[in-house]
Amino acid sequence: MDPAHRRAFNAAFREEKYRAVMRQLEAELGFPVDFRISETPIFLTAELTAELIAAAHTIVAAVTAPDYLTRAGRAVPPELAVPGEEGQPPFVQVDFALAEGDGGHVVPQLIELQAFPSLYGFQWLLDRVYREHYDIAPGLTTYFDGLDEESYAARLRETIVADCDPEEVVLLEIEPERQKTRADFAATERMLGIRSVDLRELAVREGRVSRRRDGREVPVRRIYNRVIFDELVRRGLPRAPLFTEPLDAAWVGHPNWYFRVSKFSLPFLDFPWAPRAHFVSDLPEPPPDLGDYVLKPLFSFAGLGVELDVTHERLRALPRPEEWIL
């Protein structure tokens, strides 16, 4: 961390300021935030920021290259494939840990990779609220590539809403009002004017998508997808026609990308920022340092199914080793 900014923030911090942050977030969203909000931002040095940017760009380039995308065809389970995929993913999240490298140097280490949206609206709101209550130096920014609060919102609007009326764009979820990420949905509505809707509220007729709003049938032109198929499967919900038919509406974040750029990508990344990873089916023998590995199923989310104490017997017993990574 940047020691000068860290010390200055710590010296000025007061518990009542944090309580004021929480009160304003609740007032602007209309409900309490359903996850822990840090009392403090982190303050990265310019050197570490540059390394994080380089690592992220390198990894994203690798998983959007034509060769990788050809090989990633099997990442999408056939029973969950959605028609209409094209182009490149509009969103890619690269999550890093900050780990101790050689000589005590702090280095980024990849934790997770996902072509799926994150809390884009909420982080925009949180930055503004932090600045209103804490003494954040004006030269510090949460944004990259020269963006600021205004141009960031404009870039997000260009990506999600494009040239449509916001009324004809939906943020799609399963019971959005019950999701822990509902704070982001509310912030996104404030920023972009699009509403979150339950997938069961959408009707599909001959490929045309619509929803009822205020007694009217409103066409849906763009779908900002936040539905995770793992949750559909776990809850035993049927696949709606939305996911099985070609649509006269654009997916903003096509569902197939959730699988194509994901844990499945890890064995293809040979960079110092990424952990060594293997499909279990590709291993003639387990590595000698097996105790340093974890076992992950490809088709799960939120850490479900991860095994920390991996044994030779467990690897041999896997019924479908091509669906697990070590």
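Residues numbered from 1 in each chain as written. Predicted model: local features only at pLDDT ≥ 70, side-chain atom pairs only at ≥ 80, totals over all residues. Heavy atoms only, no water.

A.B. asks: Please explain the environment of L266 as it appears in this structure.
C.D. replies: One can find L266 in the loop between α9 (257–260) and β10 (296–297). According to the relative accessible area criterion, L266 is buried, its value standing at 9%. Expressed as a C-alpha distance, the spacing of L266 and F279, which sit 13 residues apart in the sequence, is 9.1 Å. Setting aside residues no more than four positions away along its own chain, L266 makes contact with L110, A277 and I325. (Helix = DSSP H or I, 4+ residues; strand = E, 2+ residues; numbered from the N terminus. Buried < 20%, exposed > 50% of the residue type's maximum accessible area, 1.4 Å probe, protein only. Contact = heavy atoms within 4.5 Å.)

A.B. asks: How should I be thinking about the sheet that holds strand β3 (residues 169–173) in this particular structure?
C.D. replies: Within a sheet, neighbouring strands are paired by backbone hydrogen bonds and run either parallel or antiparallel to one another. Taken together, the 4 strands give an open sheet; going across it, the order is β4-β3-β8-β9, and neighbouring strands pair in parallel fashion. A strand with exactly one partner marks an edge of an open sheet, and here the two such strands are β4 (195–198) and β9 (250–252). Shown here is a sheet whose adjacent strand axes are inclined to one another by a mean of 35°, direction ignored. Note that β3 and strand β8 (residues 222–225) share 4 bridges and pair parallel. Among the inter-strand pairings, V170 is bridged to a residue of β8, identified as I223. Against the sheet, helix α6 (residues 149–160) touches β3, β8 and β9, its axis set at about 120° to β8. (Pairing = 2+ DSSP bridges. Axes fitted to C-alpha atoms, helices over the stretch in contact; angles between N-to-C directions.)

A.B. asks: What am I meant to see in helix α7 (residues 182–192) here?
C.D. replies: Every α-helical turn comprises 3.6 residues, leaving residues that sit three or four positions apart pointing alike. With 8 of 11 residues buried, α7 lies mostly within the body of the structure. Every buried residue of α7 is listed here: A183, D184, F185, A186, A187, T188, M191 and L192. Phi turns positive one or two residues past the end of α7, at G193, with a value near 80°.

A.B. asks: Teacher, can you tell me more about the sheet that holds strand β5 (residues 202–205) here?
C.D. replies: Spatially, the 3 strands line up as an open sheet ordered β5-β6-β7, and their pairing is antiparallel. Sheet topology places β5 and β7 (216–219) at the edges, where each strand pairs with a single neighbour. Ignoring which end each strand starts from, the neighbouring axes of this sheet average 35° apart. Pairing of β5 with strand β6 (residues 208–213) involves 4 bridges; the strand directions are antiparallel. Residue pairing for β6: R205 is matched across the bridge by R208.

A.B. asks: Mind showing me how you'd approach the packing of helix α2 (residues 15–29) against helix α5 (residues 120–133) here?
C.D. replies: In a pair of packed helices, the angle between the axes and the distance between the axes together describe the arrangement. The interhelical angle for the contact between α2 and α5, taken along N-to-C directions, is 140°, at an axis separation of 10 Å. Between α2 and α5, the angle is such that the two are oblique. Viewed along their axes, α2 and α5 form a crossing whose handedness is right-handed. Within the contact between the two elements, α2 uses K17, A20, V21, Q24, L25, E28 and L29 and α5 uses F122, L125, L126, R128, V129, Y130, E132 and H133. Its residues assigned to classes, the contact of α2 with α5 comprises 9 nonpolar, 2 polar and 4 charged. (Parallel < 35°, antiparallel > 145°, perpendicular 65-115°, else oblique. Left-handed = near helix turned anticlockwise from the far one by under 90°. Nonpolar A, V, L, I, M, F, W, Y, C, P; charged D, E, K, R; others polar.)

A.B. asks: Is there a simple way to explain a nonpolar patch on the surface in this structure?
C.D. replies: A grouping of M1, I42, L98 and V106 is seen on the molecular surface, where their side chains present a nonpolar patch of about 350 Å² in accessible area. Topologically, M1 is positioned in the segment before α1 (3–12). (Patch = residues over 30% accessible without salt bridge, like charges linked within 9 Å, V, L, I, M, F, W, Y side chains within 5 Å. Areas by Shrake-Rupley, 256 points an atom, 1.4 Å probe, with all protein chains shown as cover. Salt bridge = Lys/Arg side-chain N within 4 Å of Asp/Glu carboxyl O.)

A.B. asks: Any chance you could explain the packing of α5 against α7 here in plain terms?
C.D. replies: α7 packs onto α5 with a crossing angle of 80° between their chain directions and a minimal axis gap of 7 Å. Considering the angle they form, α5 stands roughly perpendicular to α7. On the side of α5, the interface is formed by Y120, G121, F122, W124 and L125, while α7 contributes A183, D184, A187, T188 and M191. Considering only residue class, the contact of α5 with α7 consists of 7 nonpolar, 2 polar and 1 charged.

A.B. asks: Looking at this model, I keep getting lost on the pattern of salt bridges. Mind explaining?
C.D. replies: Two side chains that carry opposite charge are able to pair once their charged atoms sit near each other. One pass over the full model with this rule turns up 25 salt bridges. The partner of R131 in a salt bridge is D127, with the nearest N and O atoms 3.2 Å apart. On the criterion of helical spacing, the pair formed by R131 and D127 is a turn pair, its members being 4 residues apart in helix α5. Its salt-bridge partner being R200, residue D198 comes within 2.9 Å of it at the nearest N-O pair. Residue D198 is classed as buried on the basis of its relative accessible area, which comes to 7%. The structure contains a network of salt bridges with shared partners spanning E28, R128, E132, E149 and R190.

A.B. asks: I would appreciate a short explanation of the pairing of β7 in the present structure.
C.D. replies: Looking down a regular strand, the side chains alternate between one sheet face and the other. Direction of pairing for β6 relative to β7: antiparallel, over a ladder of 4 bridges. Opposite R212, over in β7, you have E217 as the bridge partner. Two successive antiparallel strands, β6 and β7, enclose a turn made up of 2 residues, where D214 displays a positive phi of approximately 55°.

A.B. asks: What exactly am I supposed to notice about the nonpolar core here?
C.D. replies: One recurring pattern in soluble globular proteins is that nonpolar side chains are buried together. Core analysis: the largest hydrophobic core is formed by 38 residues, its most contacted members being L25, L29, I37, F122, Y152, I160 and I194. Elements that contribute at least two residues to this core include exactly α2, α5, α6, β3 and α7. Looking at this core, the element that brings in the most residues is α5, giving 7 residues. Each residue touching Y152, except ones within four places of it in the same chain, is listed here: Y120, Q123, W124, Y143, L147 and M191. (Core = buried A, V, L, I, M, F, W, Y, C linked by side-chain atoms within 4.5 Å.)

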